[in-house]
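Understanding the architecture of this molecule
If you want the building blocks of each chain, they are given just below.
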Amino acid sequence: MKKGEISEGVIEKIDFPNKGILYTPQGEKVTIKNTVPGQNVRFLLQKKRKGKYEGRLLEVLEKSPLELDTAPCIHFGSCGGCAYQNLRYEEQLRLKEQQVMELLSPVIKVPASEWFAGVRPAPQQFAYRNKMEFSFGDEYKDGPLALGMHKRGSFYDLVTVDQCRIVDADYNRILRATLDYFTEKKTGYLKKNSHEGYLRHLLVRKAAKTGEILIDLITTTQPCNAFSEETLLAGFRDMLLGLPLSGRIVGILHTRNDSLADVIKDEGTDILFGQDYFYEELSGLTFKISPFSFFQTNSSGAELLYATARELIGSFGKSGSVVYDLYSGTGTIAQMLAPAAGKVIGVEIIEEAVAAARENAERNGLTNCTFLAGDVLTVLDTVKEKPDFIVLDPPREGVHPKALRKIINYGVERMVYISCKPTSLARDLEVLLGCGYRVERCCCIDQFPGTVHVETVCLMSKVKEK
C-alpha cells in the first residue's frame, strides 16, 4: 500500500490500548484506532514506516457481530473519552483480559493458567466516576462556546458531553449550567494558538458515598470580559448553589493557571464558597480529598481493587511487619493495610496528598502510618526502617528505572504491584523477574467500563536460591 491510499478490510483483533489490527490481501499489517474486532472498515493509510502501517478510520461499512445496535451514550463516536461502549459488557471484559494476557505472557513465560485470575467486572457499569476534568473550547473552528471532552482524534475540537453516561446526573447538570452561564456572559476561552482567553477547565469531584461535591473553575489571569472578574465569579458561584442536585456542594473554587500546557495546574486557588476539600468513604474508612490530590476515580471499583490486593497479599508473614506503600496518594492502600501491619510507610510526591493522608490516618484512628513527601527515588534513601513487604501503585508511566532498582535491592520476600497501564507493568515486570522475582498471581479489575483502561494487581515473590 502507498501513503494516502484508501482501502477496506476486516478488523481481526485489538491490541492495547485501542489499536485495531487488519491484514491486507498482500499480508500487510495495518493498525487502525477506534475499531472493534469483526468490523468491516474503510480507511486511509496515513503512515508507512519500516514495514509498519497506520490507517485512519473513514467509515464502518459493516458492524461487528459483537456490537450493540445502539451505544448507551449519545456522545459515543464523537467524544474521545470512551472506546468500547458499543460492545456488550462481557465482550469488553474479554477484550481486556486478552490484551493483558498478550502483554504479560511473553514476560512471565509460564502458562497463563498458572498465574492469571481473569478480569473482575466493575460493581457498576455506568455513573461510576467520582472526578471529571472538562475543557472549554469550541466544537468547530470559530464555533460557539463548548464545554466537555475532546472530539475523538482531535486536539482542538470539543464535544459538550452533557448527557455522559459514566458520571451521574449531577455532573451533567453542573456542566450544562456552567456552559449556559458563561455563554450568556460572553466569556471567551483560552485559544491554544494565540494563548489568549480566560476560561480553561472545569473540575468536578463528587464522593459516591457521602454525596459531597467539589467544583473548581480553572482560568487564566487574563481579562475575562466586560464584567469584573469578581462579579463574574460571584454570579457563577450563586448559579451553582441554586442548582437542583442530588448531592451537596461543599466547595466552589477558582484556580489560576497561565501555563502553556493543556493540563490543569494550580498556580493559586481561591475559595468562592465553602471549603477546598471533600470527604469520601471506602471500606469503612474516611478520606479527605483535595482538588488536585490523587484518589481512585471509581469509588466502588477502588473498594474492589483494594479488596483484591488484600486478598492476594493474605498475611504479611510475621507480626510487626514494616510495609512500604510507594506512590501512596492520599494513603488509601496504606490505611487499609495498617490493621494487619506493624508499621506502614507511604511515599508520595504531591505534598498536599501527603498532608491529606496524614489527616486521614488520624481521623481513622490509625497510629502506625507514616507518610513522607517526595520522589520515591530520593525519599527511600532517608528511611531507616527496612521493608518486609512493598506495595507499588505508580502513575501510568510506571516506576522510574533507578527507583525500581532500589526497590529490588531491599530483597523483600513478596511485593504487590498495582498498575493502571499494562504496558508499563510488562516493562517493569521484565526487570523484576530478571532480578529474582516470579509472578504468583495476577488479577485485573475493570474500574473503567466503556473505556480501554483496566487495573491490574500482581503479586510477586522472591525466588528462593537452591
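In what follows, the accompanying structure is described. (Residues numbered from 1 in each chain as written. Predicted model: local features only at pLDDT ≥ 70, side-chain atom pairs only at ≥ 80, totals over all residues. Heavy atoms only, no water.)

It is worth spelling out the overall build of the chain at this point. Looking only at helices and strands, the chain has 9 helices and 23 strands in total. The C-alpha atoms of the chain give a radius of gyration of 24 Å, which matches the 23 Å a tight globule of 466 residues would have. In terms of overall dimensions, the chain has C-alpha extents of about 75 × 65 × 35 Å along its principal axes. Across the 466 residues that make up the chain, the buried fraction comes to 53%. In the chain, of all internal contacts separated by at least 6 residues, the share reaching a separation of at least 24 is 63%. Counting every atom, the chain has about 20800 Å² of accessible surface; 50% of that belongs to carbon and sulfur. With 59 positive and 60 negative side-chain charges, the chain shows a spacing of 5 Å between the two charge centroids. (Helix = DSSP H or I, 4+ residues; strand = E, 2+ residues; numbered from the N terminus. Rg over C-alpha atoms; globule rule 2.2 N^0.38 Å. Buried < 20%, exposed > 50% of the residue type's maximum accessible area, 1.4 Å probe, protein only. Contact = heavy atoms within 4.5 Å. Areas by Shrake-Rupley, 256 points an atom, 1.4 Å probe, with all protein chains shown as cover. Lys, Arg positive; Asp, Glu negative; His and termini not counted. Charge placed at Lys NZ, Arg CZ, Asp CG, Glu CD.)

Moving on: the pattern of salt bridges. For the structure shown, the criterion picks out 25 salt bridges. Measuring nitrogen to oxygen at the nearest pair gives 3.0 Å for the salt bridge that ties Asp-180 to Arg-176. With Asp-180 and Arg-176 both in helix H2 (residues 169–184), this residue pair falls 4 residues apart, about one helical turn. Here Lys-343 and Glu-385 are joined by a salt bridge, their closest N and O atoms 2.6 Å apart. Pair noted here: Lys-343 is in strand E18 (residues 343–348) and Glu-385 is in the loop between helix H7 (376–379) and strand E20 (389–392), with a separation of 42 residues, a long-range link. (Salt bridge = Lys/Arg side-chain N within 4 Å of Asp/Glu carboxyl O.)

This brings us to unusual backbone geometry. Here the amide bond leading from Phe-16 into Pro-17 is cis, since omega sits at 0 degrees, within 30 degrees of zero. At Asn-34, a residue that is not glycine, the phi angle is positive and equals roughly 60 degrees. The residue Asn-34 is located in the loop between strand E4 (29–33) and strand E5 (40–49) in this model.

The N-to-C vectors of H2 and helix H3 (residues 229–241) enclose an angle of 145 degrees; their axes lie 10 Å apart at closest approach. For H2 against H3, the interelement crossing comes out right-handed. Residues Ile-174, Ala-177, Thr-178, Tyr-181 and Phe-182 of H2 lie in contact with H3, whose contacting residues are Thr-231, Leu-232, Gly-235, Phe-236, Met-239 and Leu-240. Of the residues that constitute the contact of H2 with H3, the class distribution is 8 nonpolar, 3 polar and no charged. (Axes fitted to C-alpha atoms, helices over the stretch in contact; angles between N-to-C directions. Left-handed = near helix turned anticlockwise from the far one by under 90°. Nonpolar A, V, L, I, M, F, W, Y, C, P; charged D, E, K, R; others polar.)

A few words now on H2. For H2, built from 16 residues, the straight-helix expectation of 22 Å at 1.5 Å per residue is met to within 8% by its first-to-last C-alpha distance of 23 Å. By the burial criterion, the buried members of H2 are Asp-170, Tyr-171, Asn-172, Ile-174, Leu-175, Ala-177, Thr-178, Leu-179, Tyr-181 and Phe-182. Among the residues of H2, the N-terminal cap falls to Asp-168, whose side-chain oxygen and the backbone nitrogen of Asp-170 are separated by 2.9 Å. Downstream of H2 by one or two residues, Lys-186 has phi in the positive range, about 55 degrees. (Expected span 1.5 Å × (residues − 1). Polar contact = N/O pair within 3.5 Å; in protein donor to acceptor, adjacent residues only side chain to side chain.)

For the rest of this paragraph, the subject is the side chain of Lys-96. Along the chain, Lys-96 falls in helix H1 (residues 89–108). Among the residues examined, Lys-96 registers a relative accessible area of 0% and is labelled buried. Only 2.6 Å separates the side chain of Lys-96 from the side chain of Asp-446, close enough to count as a polar contact. With near-sequence residues (within four places) excluded, Lys-96 lies in contact with Tyr-84, Val-119, Asp-446, Phe-448, Pro-449, Thr-451, Val-452, His-453 and Val-454.

This brings us to the sheet that holds E18. If you walk across this open sheet you meet the 8 strands as E7-E22-E23-E21-E20-E17-E18-E19, and the pairing is mixed. Single-partner strands in this sheet number two, and they are strand E7 (116–120) and strand E19 (369–373). Averaged over neighbouring strand pairs, the angle between their axes works out to 15 degrees when direction is ignored. (Pairing = 2+ DSSP bridges.)

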